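Here are the chains, one letter per residue:
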Amino acid sequence: MIIMASEISPRAEISPKAKIGNNCKIFPFVYIEDDVVIGDNCIIFPFVSILDGTRMGNNNKVHQGSVIGALPQDFDYSGEKSECVIGDFNIIRENVVINRATHRGCQTVIGNGNVLMEGAHISHDTKVGNECVFGYGTKIAGDCEIGNGVIFSSSVIENAKTRVGQGAMIQAGTTFSKDVPPYIICTKHSEYGGVNYTMCRTYGIDEKVLKHIANAYRLVFHGQTSVFDATNQIEQQVPDSPEIRNIVQFLRSTQLGVISKL
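Residues numbered from 1 in each chain as written. Predicted model: local features only at pLDDT ≥ 70, side-chain atom pairs only at ≥ 80, totals over all residues. Heavy atoms only, no water.

Novice: Could you give an account of the sheet that holds strand E7 (residues 43-44), naming the residues involved and the relevant values?
Specialist: Pairing in this open sheet of eleven strands is mixed, and the strands run E1-E4-E7-E10-E13-E16-E19-E22-E25-E27-E28 from one edge to the other. Both outer strands of the open sheet, strand E1 (7-8) and strand E28 (192-195), are each paired with one neighbouring strand and no more. Examined bridge by bridge, strand E25 (residues 169-170) and strand E27 (residues 184-186) share two bridges and lie parallel to one another. Across the sheet, residue Met-169 finds its bridge partner in E27, namely Ile-185. Relative to E28, helix H2 (residues 207-221) is tilted by about 155°, and along the sheet it contacts E27 and E28. (Pairing = 2+ DSSP bridges. Helix = DSSP H or I, 4+ residues; strand = E, 2+ residues; numbered from the N terminus. Contact = heavy atoms within 4.5 Å. Axes fitted to C-alpha atoms, helices over the stretch in contact; angles between N-to-C directions.)

Novice: Report on the pattern of salt bridges, specifying residues and quantitative values.
Specialist: Tallying each qualifying case throughout the model produces eight salt bridges. Across the pair Arg-93 and Glu-94 runs a salt bridge whose closest N-O atoms are separated by 3.0 Å. According to the relative accessible area criterion, Arg-93 is partly exposed, its value standing at 33%. Linking Glu-207 and Arg-201 is a salt bridge whose minimum nitrogen-to-oxygen distance equals 2.8 Å. Taken together, the shared-partner salt bridges in this structure form one network comprising Asp-35, Arg-55, Lys-81 and Glu-83. (Salt bridge = Lys/Arg side-chain N within 4 Å of Asp/Glu carboxyl O. Buried < 20%, exposed > 50% of the residue type's maximum accessible area, 1.4 Å probe, protein only.)

Novice: Outline unusual backbone geometry, listing residues and values.
Specialist: We note that Asn-23 has phi near 60°; this positive angle belongs to a residue other than glycine. With respect to the helices and strands, the residue Asn-23 is situated in the loop between strand E3 (19-20) and strand E4 (25-26). Positive phi is not limited to glycine here, since Ser-190 has a value of about 60°. Residue placement: Ser-190 occurs in the loop between E27 and E28. Exposure remark for Ser-190: the relative accessible area of 16% places this residue in the buried category.

Novice: An account of the nonpolar core is needed here, citing residue identities and associated values.
Specialist: Ranked by size, the top nonpolar core spans 63 residues in total, and within it Ile-98, Phe-134, Phe-152, Ile-213 and Ile-234 carry the most contacts. Among the elements that take part in this core, H2 stands out by supplying nine residues, more than any other. The contact partners of Phe-134, leaving out residues within four places of it in the chain, are Val-115, Leu-116, Met-117, Ala-120, Ile-122, Val-128, Ile-140, Ile-146 and Phe-152. (Core = buried A, V, L, I, M, F, W, Y, C linked by side-chain atoms within 4.5 Å.)

Novice: Can you tell me about the packing of H2 against helix H4 (residues 242-252), naming the residues and giving the values?
Specialist: As a packed pair, H2 and H4 sit with axes 10 Å apart at the nearest point and diverge in direction by 25°. By the angle class used here, H2 and H4 are roughly parallel. Handedness of the H2/H4 crossing: right-handed. For the pair H2 and H4, the contacting residues are Val-209, His-212, Ile-213, Ala-216, Tyr-217 and Val-220 in the first and Glu-243, Ile-244, Ile-247 and Leu-251 in the second. (Parallel < 35°, antiparallel > 145°, perpendicular 65-115°, else oblique. Left-handed = near helix turned anticlockwise from the far one by under 90°.)

Novice: How would you sum up the pairing of strand E15 (residues 107-110)? Please name residues and give values.
Specialist: Residues Thr-108 and Ile-110 line the buried face of E15, whereas the alternating positions Gln-107 and Val-109 sit on a face that is not buried. With four bridges joining them, strand E12 (residues 83-86) and E15 adopt parallel strand pairing. The partner of Glu-83 across the bridge, within E15, is Gln-107. When E15 meets strand E18 (residues 127-128), the two strands line up parallel, connected through two bridges. If you follow Ile-110 over to E18, its bridge partner there is Val-128.

Novice: Help me get a handle on the side chain of His-63, residues and values and all.
Specialist: Mapping His-63 onto the fold places it in the loop between strand E10 (61-62) and strand E11 (67-70). Apart from the residues lying within four places of it in its own chain, the contact partners of His-63 are Phe-45, Val-48, Ile-91, Ile-92, Arg-93 and Glu-94.

Novice: Outline the sheet that holds E18, supporting the account with residue identities and numerical values.
Specialist: On the basis of which strands lie adjacent, the open sheet formed by eight strands has the order E3-E6-E9-E12-E15-E18-E21-E24 and parallel pairing. Each edge of the sheet is formed by a strand with only one pairing partner; in this case those strands are E3 and strand E24 (163-164). The sheet contact formed by E3 and strand E6 (residues 37-38) spans two bridges and is parallel. Note on E6: the bridge partner recorded for Ile-20 is Ile-38.

Novice: Give me the environment of Glu-207: which residues, what numbers.
Specialist: Mapped onto the secondary structure, Glu-207 falls in helix H2. Glu-207 sits ten residues away from Tyr-197 along the chain, and the two C-alpha atoms are 9.4 Å apart.

Novice: I'd love a proper account of H4, names of residues and values included.
Specialist: Listing the buried residues of H4 in full gives Glu-243, Ile-244, Ile-247, Val-248, Phe-250 and Leu-251. The arc that holds every buried residue of H4, seen down its axis, measures 165°, which confines them to one face. Its buried side turned inward, H4 meets E24, H2 and helix H3 (227-237). (Arc of directions from axis to C-beta.)

Laid out in structure tokens, this is it:
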């Protein structure tokens, strides 16, 4: 195996304590602090700051003006050592901010294959899955949980401690303070807008299962019962599948409730 040396501009300011992988390209005016680990084949464009506590995997691209591992914007933060963990094959566009966690031993986590468009902000202690898209100017507050394959259109605001399930889509300009269950569309009025058929088909979900998902959400959003009772009805009335089990588990574990019906 041939190991390629990294190409690091002499005009970048990089701590000698930072660990940089192989075959990386680091442009001028990049700033990297002591307690940073960057994997192989990463490209760091000019004017990026990568701060203490950042653990970055392989094949990531970080564009101009982004700040990775920024201090948490949390009044509970008291200078504790924490981490910002980023996986592989992520594209982080211009002026993105990702905060590290608030407390010692905790992490903000970005998975693999995500795209964060210009001006997106991921706050402290948030956990992001794989292959998500964060549109222009989208802001994710602290302590949120985001599943795989979630699409945020532009200028979305997700408030603190909320969750978004796998394969959901949030329409542009939405602000929400309750959980968004898997496989659905959340409208700009923070309401249920139907099943996200496009993403479900991308995942290869069978058409019969799509009908079951739609039936499950009819019970949740168009029935006259609580989410708790609707979840029981899903288990009793809707044929079992991994997707239906995912919906049931998500609904049973909600703390803030779910978005409302149209």
